[in-house]
Every structure is written in structure tokens, then in C-alpha cells.
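One-letter residues, chain by chain:
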Amino acid sequence: MGAGNAALCSAISAHEQGANVLIIEAAPLEERGGNSFFTGGAFRFAYDGVDDLRGVSAALDEENLENIDFGTYTTDQYFDDMYELTQYRTDPELCEVLVRNSLETAKWFARQGVELRPGLGRQAFKVDGKFKFWGGLALHISGGGPAMMEALYRNAEQRGIEIIYDCPAQSLIQEGGRVVGVGARLRGEAVDIRAGAVVLACGGFESNPEMRANYLGQGWDMAKVRGTRFNMGQGLKMALAIGAKPHGNWSGCHSVAWDVNAPATGDLTVGDQFQKHNYPFGIMVNAKGGALCGRGRQFP
């Protein structure tokens, strides 16, 4: 379920292991890409030096590495950032999988046709004539979300993986206590799609005003959404309906400063460009008159 980055990577990986894969996507062809289309392309993984980066990006051979200091972003640094960001609420088992497999995952990602390059224009500063990276984000996807998705769609097409658009899932089909398929609507008609396994990779509930207000709190139904209008929380609803256990933090989210004139949901022709990264020679003031610094800390 879904046809964004997570879904396509799952589909490609399953195909590599010999599975016959079908992808169903709620959006029409012309609006495909999910939230992945709107990403700026920063790609975080652990690395011990430039040799690790070479294993991910062939583009490093084109760079004058004498003028670039990539530093390191070790697994310990990655763990520390995860703990600080989540205030130690990160799921320990999933965090282990994420961090310790991050370099090999980046290499796999590059092998699927996604091009990564040094993020010199975004994640590095010149110090004494030499670019110096910070924050652990040495490589970025060349072309951002649109280029990433195009590469993954091309990969799936070459593998013969079928994608059915305008086909939102409605329910999970169960037999004998296990999931054996999905009930969906294909161009308005109810269909049952049987499968040996179902992967829910259809995003969260950020485009559903009712669910935002319910889980994030008062006023969140009025928030503008950075990404696709099709992330309505349907996968979560379907899973909960058959007894899945809710887990994690449902009252928080990743949000960014966004243009007040932007549409209610993401515009494919604009992508990530509604985001406001900084305000030179100024401050941000919230609705209560409190000034916010760059990391979101509030001053009286």
C-alpha cells in the first residue's frame, strides 16, 4: 500500500528476494510520489570517513577532496542524536536497526539508481578556504525528492513491478487470524486483492484535519500541510480496526516554518520551496508575543 519512497523500497527489496509484487496507490498517476516527493533530499547515515562515503556516492570522484572536510558521523554520534531528539523515547530495537544498518542501507539505495552528492550548498561552510560539514548530513539526494522518486519509479518499472493508481485501500482481509489481502476501491468499484503479505507503507494522518485535531490538539485541523493530500491515515485506521496495538508518540509531529500563502496541502509544481529556513536581520514571534530562536527555544 502506497507508492512513495518507503513503499517503493519495500517493493524493490521484496522483488530482489523473489517475490511477485503489486503496489496500490490512492493518488492518480499525475499526483504520485507521496510525501517523499516534497523532501529536500538530506540523507542521514553513519560513516567513519570519506572511504565510507565513496561507497555511497560515485560523485565524490569528481570533487576536489583536498578542499572538503567531511569529518565523521559515527554510530555513537547517530545514537546520541536520536536520544537527544527524542528525549530517550526512541524505540530501542528500531533505533538499533536504523543506526547500525544505515550505511549499508545508503549503499543499497544508491545501487537502485538514486544519485547522492555532497551537500556543499546546504550542509557545509567554508572555514579557512575549506568546506567543513556539520550535523552528519554529508550527502544529499541530487535533485531532491522529485529525482529520488523518478529513479525509484524507473527501477520498479524495469523490474516489472505493477503500480495501480486511483486505488485507495479500505480494509485488511483476514482469514484464520492472519492478513491475506486488502479490500480497496479501484476507480470507485470495490475490489479484493489477495496477497501472501501486505506492507502498509501509505504514510501517516497529516492530511486528515480530523485526525490532526484528535491526536495533535486544538487548532491543528487548520494547519497547512507540506506534503501530499492523500496521507489520510487510512493504513493506521485499517490496522487499528483489526486489533493492531497503537505505539509511540501520537501527539507530536515534524513541522517546519511554512509560507502562510501556501495551499492547504503540497503543490507538486513548487515542492519544498514554501519552507522558510531563516529570516535575516529579524526574529520570529509566536502568537503569544514570544520570540523564538533558530532551534525553537522561546525567550520571554
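Presented here is an overview of the structure given in this document. (Residues numbered from 1 in each chain as written. Predicted model: local features only at pLDDT ≥ 70, side-chain atom pairs only at ≥ 80, totals over all residues. Heavy atoms only, no water.)

## Things to note about the nonpolar core
Working step 1: Formed by 41 residues in total, the largest nonpolar core has its most connected members in F45 and F109.
Working step 2: Sorting the residues of this core by element identifies α1 (5–16), α3 (75–86), α4 (92–100), α5 (102–111), β7 (139–141) and α6 (144–159) as the ones contributing at least two each.
Working step 3: If we skip the residues at most four places from it in the chain, F109 touches N5, C9, F43, V114, L116, I141, M148 and L152.
Working step 4: Counting 10 residues, the second largest nonpolar core, distinct from the first, contains M1, I24, A169 and I193. (Core = buried A, V, L, I, M, F, W, Y, C linked by side-chain atoms within 4.5 Å. Buried < 20%, exposed > 50% of the residue type's maximum accessible area, 1.4 Å probe, protein only. Helix = DSSP H or I, 4+ residues; strand = E, 2+ residues; numbered from the N terminus. Contact = heavy atoms within 4.5 Å.)

## What to know about a nonpolar patch on the surface
Working step 1: Judged by side-chain polarity, F125, V127 and W134 come together as a nonpolar surface patch covering roughly 320 Å² of accessible area.
Working step 2: With respect to the element layout, F125 can be found in strand β5 (residues 124–127). (Patch = residues over 30% accessible without salt bridge, like charges linked within 9 Å, V, L, I, M, F, W, Y side chains within 5 Å. Areas by Shrake-Rupley, 256 points an atom, 1.4 Å probe, with all protein chains shown as cover. Salt bridge = Lys/Arg side-chain N within 4 Å of Asp/Glu carboxyl O.)

## Some words on the sheet that holds strand β3 (residues 68–69)
Working step 1: If you trace the 3 strands from one edge of the open sheet to the other, you get β3-β6-β5, paired in mixed fashion. Every interior strand has two partners, whereas the edge strands, β3 and β5, have only one.
Working step 2: Judged from the 4 bridges that link them, β5 and strand β6 (residues 130–133) form a sheet pairing that is antiparallel. Counterpart to V127 in the pairing with β6 is K130. (Pairing = 2+ DSSP bridges.)

## Observations concerning the sheet that holds strand β2 (residues 42–43)
Working step 1: Across the sheet, 3 strands lie side by side as β2-β7-β4; this open sheet has antiparallel pairing. Each having just a single partner strand, β2 and β4 (116–118) make up the two edges of the open sheet.
Working step 2: Alignment of β2 against β7, held across 2 bridges, turns out to be antiparallel. Paired with F43 across the strands is L139, a residue of β7.

## Describing the pattern of salt bridges
Working step 1: This model, assessed by the stated rule, comprises 12 salt bridges.
Working step 2: In this structure, D69 engages K132 in a salt bridge whose closest nitrogen and oxygen atoms are separated by 3.0 Å. On the criterion of sequence distance, the pair formed by D69 in strand β3 and K132 in strand β6 is long-range, its members being 63 residues apart.
Working step 3: Classification of K132 by relative accessible area gives partly exposed; the value is 42%.

## A closer look at the pairing of strand β9 (residues 169–175)
Working step 1: The pairing of β9 with strand β10 (residues 178–186) spans 6 bridges and is classified as antiparallel. Considered in β10, the bridge of A169 is made with A184.
Working step 2: Counted along the chain from β9 to the antiparallel partner β10, the turn is 2 residues long, and its residue G176 has a positive phi close to 60°.

## Digging into the pairing of strand β11 (residues 189–194)
Working step 1: Pairing geometry for β10 and β11, over 6 bridges, is antiparallel. Bridge pairing links V182 to I193 in β11.
Working step 2: From the end of β10 to the start of β11, which pair antiparallel, there are 2 residues, and R187 there has a positive phi angle of about 50°.

All we've got here are geometric facts, nothing functional implied.
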